[in-house]
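Structural overview for review
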Amino acid sequence: MSRPEWFKRFFDARYVAALREEKPFRQTRLEVDFVLRSLRPPEGARILDLPCGYGRHAALLARRGFRVVGVDLSRAMLAEGRRRFTEGPRLRFRQGDMRRIAFREEFDAVINLYTSFGYFTPAQNVATLRRMARALRPGGRLLVDHRDPVYDAGLPRRLWYRTGRKRFVLEERDFDRQTRITESTQLIVTAGQRWVAQKTLRFQEFSLPQWRRMLRSVGLQFVRAYSGYDGRPYRAGSTGRLILVAEK
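Residues numbered from 1 in each chain as written. Predicted model: local features only at pLDDT ≥ 70, side-chain atom pairs only at ≥ 80, totals over all residues. Heavy atoms only, no water.

1. A look at the environment of E205
Quick note on the threshold: The secondary structure listing takes helices from DSSP runs of H or I that are at least 4 residues long and strands from runs of E that are at least 2 residues long, numbered from the N terminus. Buried, partly exposed and exposed residues are distinguished by accessible area as a fraction of the type maximum, computed with a 1.4 Å probe on protein chains only: under 20%, between the cut-offs, and over 50%, respectively. Only heavy atoms enter the contact rule, under which two residues are in contact if any of them lie within 4.5 Å. Definition of a polar contact: a pair of N or O atoms within 3.5 Å, with one able to donate and the other able to accept a hydrogen when the atoms are protein atoms, and with sequence-neighbouring residues admitted only if both atoms are side-chain atoms.
Relative to the helices and strands, E205 resides in the loop between β9 (196-204) and α8 (208-217). Judged by relative accessible area, E205 falls into the buried class, the value being 0%. Put simply, E205 and Y119 are 86 residues apart on the chain and 9.4 Å apart in space, counted from C-alpha to C-alpha. Leave out the neighbours within four places in its chain, and E205 touches H146, R147, D148, P149, D152, R173, F175, T179, R180, T182 and Q210. Only 2.9 Å separates the side chain of E205 from the side chain of T182, close enough to count as a polar contact.

Listed below in structure tokens is the structure:
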């Protein structure tokens, strides 16, 4: 069983190192291309990347002329972002909890990528979504990239996969079909090292009807849903992704 606030320790320096290998630049470029096609922000728009990780999307968006603020709770993630990318007028990193952001109508777009939602209690999840909506200017758009619960309901309980060149993960997953909560324990083996790391995580997934209701409750209008960054329309269970676009 994962700790209630597992995310405060999960995204550490080891996670950052694994993510660097797992996400090459060409993938980031394809993801940013999709984000821009979906959101259609105006030239020079302000974009909030929440949470931003080490800033791979935020930095590329800034290079393309947008003014980007990246917020993340993980100090390790932000340290890596500041090491790799130069902050300036178009790119700013801030340390903070997404449940407590206080922006009001400051951004033309908000992006929430790589299954970075549903970490909290049901009430906190909705409150966090409301804060994202509040950060948008009228007409602004939100994009959330999350898991597809229909797909995940069919995954085996035990998975063995490779991340990067030297890391292998044995994952024990428990997906509750009623609550759509995933509980996961990962054993991480790194070639050439004698120790094995263990990590736990917990997050809630949402069906498309649930997403539509939540978006409506915080003042956002559902626009469309996708099953991947290639822009394919959402079809339940076809891939592991459920990507949503909504407008204020």
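From this point, the discussion proceeds with the structure in view.
2. Topic: the packing of helix α2 (residues 13-22) against helix α5 (residues 75-84)
Each pair of packed helices can be described by the angle between their axes along with the distance between the axes. Test applied: Where helices are involved, their axes are fitted lines through C-alpha atoms of the stretch in contact, as for all axes, and angles between N-to-C directions lie from 0 to 180°. What sets the label is the angle itself: under 35 degrees gives roughly parallel, over 145 gives roughly antiparallel, 65 to 115 gives roughly perpendicular, and the rest give oblique. For any pair of crossing helices, the crossing counts as left-handed if the nearer helix is rotated counterclockwise from the farther one by less than a right angle, and right-handed if it is rotated clockwise. Note that Gly is not counted as nonpolar here; it falls among the polar residues with everything else outside the nonpolar set of Ala, Val, Leu, Ile, Met, Phe, Trp, Tyr, Cys and Pro and the charged set of Asp, Glu, Lys and Arg.
Where α2 contacts α5, the axes come no closer than 8 Å and their chain directions differ by 50°. Taken together, α2 and α5 sit at an angle that is classed as oblique. Judged by the twist between their axes, the crossing of α2 over α5 is right-handed. The segment α2 lies against α5, with A13, Y15, V16, L19 and R20 engaging A76, M77, E80, R83 and R84. Taken together, the residues of the contact of α2 with α5 break down into six nonpolar, no polar and four charged.

3. Thoughts on the nonpolar core
Rules: Residues belong to one nonpolar core when they are buried, are Ala, Val, Leu, Ile, Met, Phe, Trp, Tyr or Cys, and are joined through side-chain atoms within 4.5 Å.
Core analysis: the largest hydrophobic core is formed by 70 residues, its most contacted members being L48, L142 and L143. The residues touching L143, leaving out its near neighbours within four places in the chain, are F34, V35, S38, L39, V110, I111, N112, L113, I243, L244 and V245.

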